[in-house]
Amino acid sequence: MTTHPQDPVMVGSFAIQGRLGRGAMGAVYLARSPGGRLVAVKVVRDELAGDDAFRARFAREIAAARKVSGAFTAAVVDADPDAARPWLATEYLPGPTLQKAVEQSGPLAPAAVQALAAGLSEALMAIHASGLIHRDLKPSNIVLTDNGPRVIDFGIARALEDSSLTATGLVIGTPGYLSPEQITGAPLGPPSDVFALGAVLVFAASGRGPFASGPPVSLLHRIERPEIPLLPGPLDDVVRRCLARDPAQRPTPADVLRLLGQGANTAFMPPPMPAPTKLLPPPDPIVHPPQTLHTLHLPQPAGPTGAAFRTSRARPVVIAVLASFLSFGFVPRDPDLKALHPVWSGLSALIALYFLYVAIRYWILVCRRKVVLHLSPDGVTVERGYRSATIPWAGVTRLRVGGTARRPWLIAWLTPQYQSALPVSRRSHHGGRRLYPIGHGATGNSRVRQVDELRAALNWYAGYLHDNSY
């Protein structure tokens, strides 16, 4: 029976019992096989069903996924990549996800975390041996069963990655569990899953990820200083090595098993929950137009989403005031001193002029209008003084960080109808508009950090528009 007017009654030979949820690929249903076994059926949404390139990738991923042992993952039961709406049926696992288990009962005990680490390492070994990279290992993709953790949705992110709906350059994955190479767009390999493994273990042990929550704008900066709780035995060393920024420094899943030592008892894992027989789904979410549709597993807070950057006047004010006082203090005033020490008098005048130059330079920064830049899935917003305006990504043709290393700017090339929409300087930069001064007046290290954070946000929200060259 169906639980929503738009839900199918049958998918292949499987009778739909209820909807389990929706994801980047489409809807997920609880279904029964002709023999009465429960399975999870993923049905591709219409937009992807019409993409021939996606169908081909989906078929390849299904073929590879069939090779992964069901002892560590949800085994593939059946699939039809050539159906009007391609679908995939996998074994239904009646346990709670790691996400739900921690939310309902709190962090796992140390022995359970070690059992989780060992089980997930075995799962990753099986996935990687089949030529797959999971790319989205996270607590909600890990099911806790009475025989250890099982990984679900492996390989699907790879099939989705290059589809026409995600060709905008948006990153596929979940903030807090992305590897640095996923954020920067570098080539991916098995070490990317190992990085996510380290983040998952921190969540299991503490109830929160190592890089906090919120938009991914500062992930590159946070990755340098992950918040790792005190872990017993070899777990602490394993997690820290998994979270290394350099992929070459991370252990392999086999190395993780060796570092953990003797096998952990899966009896320490939370017991599985009984399988539901019927689930009533919420109303279908609003689907955005193709140009704004994305496949990120971003949290949806009540307030505005996105990344915000603000210019600061604190440091320029301090430097401007100090330079003004020093400039005034070095001005020679005593005529007798000028006559007796002409060299010192001239040197004092030069020093006073230098500090006067510094003071003027920083007072200019202080007097500039405050600029606030917002990046979101919908577009870019600039607030300058009391004026603000938003341009959708469809109105932007290119974005890059330009200018000099000491005075970098975010430069945008806009379509003709939006050329005068934003409250920014009308001065052209090779045909583009300067939107935001990045770290002007800040220290060198702070400026570099702000540039990295802004580039990470650009890769996230508008990677297809972002020119990474400086």
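This text goes with the structure placed above it.
Reading the values: the criteria
Residues numbered from 1 in each chain as written. Predicted model: local features only at pLDDT ≥ 70, side-chain atom pairs only at ≥ 80, totals over all residues. Heavy atoms only, no water. Helix = DSSP H or I, 4+ residues; strand = E, 2+ residues; numbered from the N terminus. Buried < 20%, exposed > 50% of the residue type's maximum accessible area, 1.4 Å probe, protein only. Contact = heavy atoms within 4.5 Å. Areas by Shrake-Rupley, 256 points an atom, 1.4 Å probe, with all protein chains shown as cover. Salt bridge = Lys/Arg side-chain N within 4 Å of Asp/Glu carboxyl O. Pairing = 2+ DSSP bridges. Axes fitted to C-alpha atoms, helices over the stretch in contact; angles between N-to-C directions. Parallel < 35°, antiparallel > 145°, perpendicular 65-115°, else oblique. Left-handed = near helix turned anticlockwise from the far one by under 90°. Nonpolar A, V, L, I, M, F, W, Y, C, P; charged D, E, K, R; others polar.

Participant: Tell me about the overall build of the chain, and name the residues and values.
Facilitator: Within the chain, the regular secondary structure consists of 14 helices and 17 strands. When the 470 residues of the chain are sorted by exposure, 50% land in the buried category. Contacts spanning at least 24 positions in sequence make up 63% of the contacts within the chain whose residues lie at least 6 apart. Accessible surface, the chain: about 22,200 Å² in total, of which carbon and sulfur atoms supply 57%.

Participant: Explain the pattern of salt bridges residue by residue, including any values.
Facilitator: In this structure the tally under the stated criterion is 7 salt bridges. Residue D236 is joined to R240 by a salt bridge in which the shortest nitrogen-to-oxygen separation is 3.0 Å. Here R240 and D236 lie together in helix α9 (residues 235-242), a separation of 4 residues that amounts to about one turn.

Participant: Tell me about the environment of A204, and name the residues and values.
Facilitator: In this structure, A204 sits in helix α7 (residues 190-206). Its relative accessible area of 0% is what places A204 among the buried residues. Residues A204 and L116, 88 residues apart in the sequence, show an inter-C-alpha distance of 8.5 Å. Not counting residues up to four positions away in its chain, the partners in contact with A204 are L98, V102, P107, L108, V113 and L116.

Participant: Could you give an account of the environment of G385, naming the residues involved and the relevant values?
Facilitator: By the element assignment, G385 lies in the loop between β11 (379-384) and β12 (387-392). Taking C-alpha positions, G385 is 5.7 Å from K370, a pair spaced 15 residues apart along the chain. Setting aside residues no more than four positions away along its own chain, G385 makes contact with R369 and K370.

Participant: Explain the pairing of strand β4 (residues 38-44) to me, using residue names and the numbers behind them.
Facilitator: Successive side chains on a regular strand alternate, one facing one side of the sheet and the next facing the other. Here β4 lies mainly inside the structure; 6 of its 7 residues are buried. Note that β4 and strand β6 (residues 87-91) share 5 bridges and pair antiparallel. Bridging across to β6, V39 finds its partner in E91.

Participant: Account for the packing of helix α4 (residues 110-129) against helix α10 (residues 253-260), naming residues and giving values.
Facilitator: Think of two packed helices as two axes; the pair is described by the angle between the axes and how far apart they sit. One can describe the packing of α4 onto α10 by two numbers: an axis separation of 8 Å at closest approach and a directional angle of 155 degrees. The angle between α4 and α10 places the two elements in the roughly antiparallel class. At the point where α4 passes α10, the crossing takes the left-handed sense. Where α4 abuts α10, its residues Q114, A117, A118, S121, E122, L124, M125 and H128 lie against P253, A254, V256, L257 and L260. Residue composition of the contact of α4 with α10, grouped by class: 9 nonpolar, 3 polar and 1 charged.

Participant: Any chance you could break down the sheet that holds strand β9 (residues 307-310) for me, citing the residues and the numbers?
Facilitator: The pairing of strands in a sheet comes from backbone hydrogen bonds and takes either a parallel or an antiparallel form. Ordered in space as β9-β10-β11-β12, the 4 strands form an open sheet in which the pairing is antiparallel. Lying at the two open borders of the sheet, with one neighbouring strand each, are β9 and β12. Between one strand axis and the next, the sheet turns by 15 degrees as a mean value, whatever way the strands run. In terms of strand pairing, β11 meets β12 through 6 bridges, oriented antiparallel. Residue V380 lies in a different strand from β12, and its bridge partner there is I391.

Participant: With reference to specific residues and values, describe the packing of α4 against α7.
Facilitator: At a minimum axis distance of 10 Å, the contact between α4 and α7 shows a crossing angle of 160 degrees. By the angle between their axes, α4 is roughly antiparallel relative to α7. Note that α4 runs across α7; the crossing there is right-handed. Along its contact with α4, which presents V113, L116, A117, L120, S121, L124 and H128, the element α7 presents P190, D193, L197, V200, L201, A204 and A205. Tallied by class, the residues present in the contact of α4 with α7 amount to 11 nonpolar, 2 polar and 1 charged.

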